[in-house]
Each structure stands twice: as C-alpha cells, then as structure tokens.
Amino acid sequence: MADKILVTRSSMPDFDEFCKEIEDLWDSHWLTNMGVKHKQFQAELEKYLNVPHISLYTNGHLALENALAAMNLPRGGEVITTPFTFASTTHAIVRQGLQPVFCDIEPVWYTMDATKIENLITDKTCAIVPVHVYGNICNIEEIERLAQKYGLKVIYDAAHAFGVKYKGTSAACFGDASMFSFHATKVFNTIEGGAVCFSNDKLVQLLNDMKNFGIHGPEEVAFVGGNAKMNEFQAAMGICNLRHLDEEIAKRKTVVETYRSRLSDIEGITLSSIQEDVETNYAYFPVVFEPTIFGSTRNEVFDTLAQSGIGARKYFYPLTNTFDCFHGAYDVNKTPVALHISKRVLTLPLYADLSIDNVNRICDVIISCKK
Ligand code: T4K
C-alpha cells in the first residue's frame, strides 16, 4: 500500500538551523522562566503581528483560559460562543467557572452567526468567545458593535488564524484579546505553545504574572496563579519557524489550489472559498458532503479514505455542546446549522510538504465515492 497520509504534518526547520538556535542554551543553562529566547521570540512576534502586546504561553488552551481570567468576568456569567470548535474553547469557558451559551454558526464560513448573537444576550451575559474557525475571520464589525452596545468583553479564539489578516490588520488585533495556538499541528508551531495578544497596557503584568503562579516580584505573590510559561526550546522553535512562515503558507496555497481544481466542480461537494478582505493562511481544507447529491455520506468517504491510508479528520464533530462530559446540559437543536455541517464535514490532509501526487491520490479516492 502507498504511504499513509495524515491530516497534517508538523513543519520543522532544518535540523542544523534548530541546533544553532539552541546552542547557546548549553552555555547559559537557562531553559525556561522568560529567558533570552522567550524575550526575542516575543519581540519578533509583536513586530510580525503588529500588535501592542503579546504574552507567550506553554499552549493555546492555557492562553485562552488566562485571557478569560484576565477579563475579571463574574463567576457563573454567561459567555456566548460556538459549538463548532475544538474541545478547548468550550472547556476554557467552563473551567473558568463561566456558562457557555451556544450560538449557531453561519453556513458559508462556519464562524459564529453574528446575526443570532443579540437574541442570546441576557443580563448575565458578560463575554463573547468567537472562533476564527479554519482561519475564517468572524464578523468582527457586528461582534464589536454588540460588545459596545451591551458592555461585553470579546476574547477571540484565533487558534487557527495565525498569519491571517482582515482588511490588512492581523487577527491578533481584534477584541479585548485574541488567543493563538502554536501547537505542532498548526500552520506555525512552537512544538506546543500559544499566546494572548491584546492592546490594553493594564493587562501586560497580569497576563505575565498569571502564567507564573501570580508571582509579581521577588518577594511578592499577588494572587493564586498557575504555571503556563513557554520554555526556551519552544521559543527557539518559534524563532526558526517564523523565518519560514511565508514559504510555509505559499506551499499550503499550492496544495489548496490543487484540491480546488480537482474538487470544485463535483456535485454534492462544497468547498469553502477565501473570504473577501481576508489574507488567508490556508490552515485547513474543509469539505462538506451532501449525501443526497454526492451519493455517499461523509462517514463513507472518511472510511474509504482510511482504507486507502488517508487520514482525513472530522473537525469538528461531535459539536462541543453534545460532549458526554456535559451530560445533556445543552440543546443541540438550538444550533441546527452547526449540527448539519458537523455531520457532513471532513478536513482533508493539508501541510506544506504534501506532494501534488498525494493530493491527486486523495482527490481520486474522493471522486471514486461519487455515486
Ligand atoms: N482552540 C481551537 C479552535 C483549537 O483548534 C485548539 C487546538 C485550541 C483552541 C487549543 O490549542 P492548544 O492548547 O492545542 O495549543 C489537534 C491538536 O492537538 C490541537 O492543538 C488542535 N486544536 C486540534 C484541532 O487538533 P488532535 O487530537 O486532532 O491531534 P492529533 O494528535 O490527532 O494530530 C493530528 C495530526 O497531526 C496527526 O494525525 C499527525 C499530525 N501531527 C500530530 C502531532 C501531535 C504531527 O505531524 N506532529 C505532531 O507532533 O488535536
């Protein structure tokens, strides 16, 4: 059988480049706790993203939890969010003692349907946590308008949107804070890693202390914080990968264009196109199968691909509002579009070095499922 193809494959710098980057750690023996690499990486990211402040984290999830905590939201407060996301988004809200209230998604970009937010606002609503899912940018203007009108905080889960720009502005710059994930599976990785981006100067010390046990100074522990610091090896990986990001995105673009050329005319398959005013990062390639037209269900296509050694993924199925851990607390029928898409979507393999031959192999298998 031909080689297995997984849904993605971590981008890595040349071995020698990484070794050179970490060489001085053997001289300094300084491995973590905001060392030289951490400072350099943070400064390079602030410049790249053109955002006033960044706090680096050991992963995206803890970055999101701490971003929520930094907003000083009332315990038990309601947070409007999407169920069409990775577990992390909903879990971050719940683990912060807040109540998720699920808003449906819109059917083209799969981001939160901003026209449905206002009806969900109550006197307990304190924040909105939208997700730029697959790197698709949410309806920033409408979310901002509602946040202003009702005095709500907006924390974007921008885990998928590193390198994405909307009207020339980086996805780091919207809302009260935006979280990026630099996980191994992302367009840009620091092995594990994440960041909170924000412009409010008052949050700088807080978000930095939050990831370091609430330690504010040599003899001052201001509050009960956890540990979520990015270490020097992660930062070194980030410094290297940032040098190659443009090339990474360009290669992904070629893969996506090949998928489009092979799959866009097939009845029963919907590909999501690139949004107007958005410079994309080609993070994911979601494909929606309508079984009544395509002839095969999403699950049948998934299984056929798997039998051919191709690991597509059902991102995002099941919806987070159906997770067992919530014991039926949420009514999935309130998010019918999300339910519809989650039953039909597959994200196809996508990474910089996925060969065009392999993209064609994947498309051949998909096309063979058409009935
Ligand atoms: N918000 C959103 C919207 C997110 O999507 C995520 C993470 C977060 C928040 C939280 O951010 P982090 O705390 O993770 O920074 C993966 C990732 O683990 C997760 O980061 C990501 N979202 C999610 C969408 O995908 P899995 O369980 O699907 O990963 P896994 O281990 O099955 O890996 C998928 C494929 O990636 C593998 O088939 C091969 C490839 N891979 C994987 C690893 C671990 C590599 O090439 N190298 C690797 O090291 O969750």
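Bear in mind the structure is a predicted one, so any value in this text is a computation, not a measurement.

Q: Is there a simple way to think about the sheet that holds strand E1 (residues 53-57) in this case?
A: Paired through their backbone hydrogen bonds, the strands of a sheet run either parallel or antiparallel. The sheet built from 7 strands is open, its strands ordered E1-E9-E8-E5-E4-E2-E3 with mixed pairing. The outermost strands of the open sheet, each flanked by one partner alone, are E1 and strand E3 (99-102). Each adjacent strand pair in this sheet contributes to an overall mean axis angle of 25°, direction not counted. Taken together, the 4 bridges between strand E8 (residues 177-181) and strand E9 (residues 194-198) define a ladder with antiparallel strand orientation. In the sheet register, serine 181 faces E9, and the bridge partner there is glycine 194.

Q: Honestly, the domain arrangement of the protein chain in this entry has me stumped. Any pointers?
A: Its domain assignment divides the protein chain into domain 1 (15-243) and domain 2 (245-368). Using C-alpha coordinates to define each centre, domain 1 is positioned 25 Å away from domain 2. Both faces combined, the contact of domain 1 with domain 2 buries some 3100 Å², and carbon together with sulfur accounts for 64% of it. Our count for the contact surface shared by domain 1 and domain 2 stands at 0 salt bridges. Run the count over domain 1 and domain 2 and you get 13 residue pairs in polar contact (both at pLDDT 80 or more). Considering each element in turn, the side of domain 1 that touches domain 2 owes the most residues, 4 residues, to helix H4 (residues 87-95). Classifying every residue of the side of domain 1 that touches domain 2 gives 24 nonpolar, 9 polar and 7 charged.

Q: Can you walk me through the site of the ligand in this structure?
A: Taken together, 26 residues sit near the ligand, with Asp157, His160, Ser181, Arg313 and Tyr315 positioned nearest. The separation between a nitrogen atom of the ligand and a polar side-chain atom of aspartate 157 is 2.7 Å. Here an oxygen atom of the ligand and a side-chain polar atom of tyrosine 315 are 2.5 Å apart. For the ligand, whose free accessible area comes to 910 Å², the fraction covered by protein is 75%. Those elements that place two or more of their residues in the shell around the ligand are helix H3 (60-70), H4 and E8. The residue inventory of the shell around the ligand, partitioned by class, reads 9 nonpolar, 13 polar and 4 charged. Residue-level mapping places the shell around the ligand at the junction of two domains, with at least three residues from each of domain 1 (15-243) and domain 2 (245-368).

Q: Is there a simple way to think about the environment of arginine 145 in this case?
A: Within the secondary structure, arginine 145 sits in helix H5 (residues 140-150). A relative accessible area of 39% means that arginine 145 is categorised as partly exposed. Separated by 126 residues in the primary sequence, arginine 145 and cysteine 19 place their C-alpha atoms 48 Å from one another. There is a polar contact of 3.0 Å between the side chain of arginine 145 and the side chain of glutamate 142.

Q: I would appreciate a short explanation of the packing of helix H8 (residues 245-263) against helix H12 (residues 356-368) in the present structure.
A: Each packed pair of helices is defined by two parameters, the angle between the axes and the distance between the axes. Closest axis-to-axis distance for the H8/H12 pair is 10 Å, and the angle between their directions is 30°. By the angle between their axes, H8 is roughly parallel relative to H12. Considering how the two elements wind past one another, H8 and H12 form a crossing that is right-handed. Contacts between H8 and H12 involve Thr254, Val255, Thr258, Tyr259, Arg262 and Leu263 from the first element and Ile356, Val359, Asn360, Ile362, Cys363, Asp364, Ile366 and Ile367 from the second. Split into classes, the residues belonging to the contact of H8 with H12 amount to 9 nonpolar, 3 polar and 2 charged.

Q: Which parts of the structure should I look at to understand unusual backbone geometry?
A: Peptide bonds are, in most cases, trans, and in most cases residues other than glycine have a negative phi. The step from tyrosine 315 to phenylalanine 316 runs through a cis peptide bond, and the omega angle for that step is 10°. Its location among the elements puts phenylalanine 316 in the loop between helix H10 (298-307) and helix H11 (336-342). Backbone torsion omega between tyrosine 317 and proline 318 reads -5°, so that peptide bond is classified as cis. Locating proline 318 in the fold gives a position in the loop between H10 and H11. One non-glycine residue, asparagine 72, lies in the positive phi region at around 55°.

Q: Even after reading the chapter, I still don't get the side chain of glutamate 248, so can you show me in this structure?
A: Inspection of the secondary structure puts glutamate 248 in helix H8. Every residue in contact with glutamate 248, bar those within four places of it in the chain, is listed here: Ser11, Val187 and Ala352.

Q: What is the right way to read H10 from this model?
A: Along an α-helix, a turn takes 3.6 residues, which lines up residues three or four apart on a common side. If you check which residues of H10 are buried, you get Arg298, Val301 and Leu305. The buried residues of H10 occupy an angular sector of 65° when the element is viewed end-on, so they sit on one face. Of the residues trailing H10, glycine 309 is marked for its positive phi of about 80°.

Procedures and definitions
- Residues numbered from 1 in each chain as written.
- Predicted model: local features only at pLDDT ≥ 70, side-chain atom pairs only at ≥ 80, totals over all residues.
- Heavy atoms only, no water.
- Pairing = 2+ DSSP bridges.
- Helix = DSSP H or I, 4+ residues; strand = E, 2+ residues; numbered from the N terminus.
- Axes fitted to C-alpha atoms, helices over the stretch in contact; angles between N-to-C directions.
- Domains from an automatic or database assignment.
- Buried area = accessible area lost by both parts, 1.4 Å probe.
- Salt bridge = Lys/Arg side-chain N within 4 Å of Asp/Glu carboxyl O.
- Polar contact = N/O pair within 3.5 Å; in protein donor to acceptor, adjacent residues only side chain to side chain.
- Nonpolar A, V, L, I, M, F, W, Y, C, P; charged D, E, K, R; others polar.
- Near = heavy atom within 4 Å.
- Areas by Shrake-Rupley, 256 points an atom, 1.4 Å probe, with all protein chains shown as cover.
- Buried < 20%, exposed > 50% of the residue type's maximum accessible area, 1.4 Å probe, protein only.
- Parallel < 35°, antiparallel > 145°, perpendicular 65-115°, else oblique.
- Left-handed = near helix turned anticlockwise from the far one by under 90°.
- Contact = heavy atoms within 4.5 Å.
- Arc of directions from axis to C-beta.

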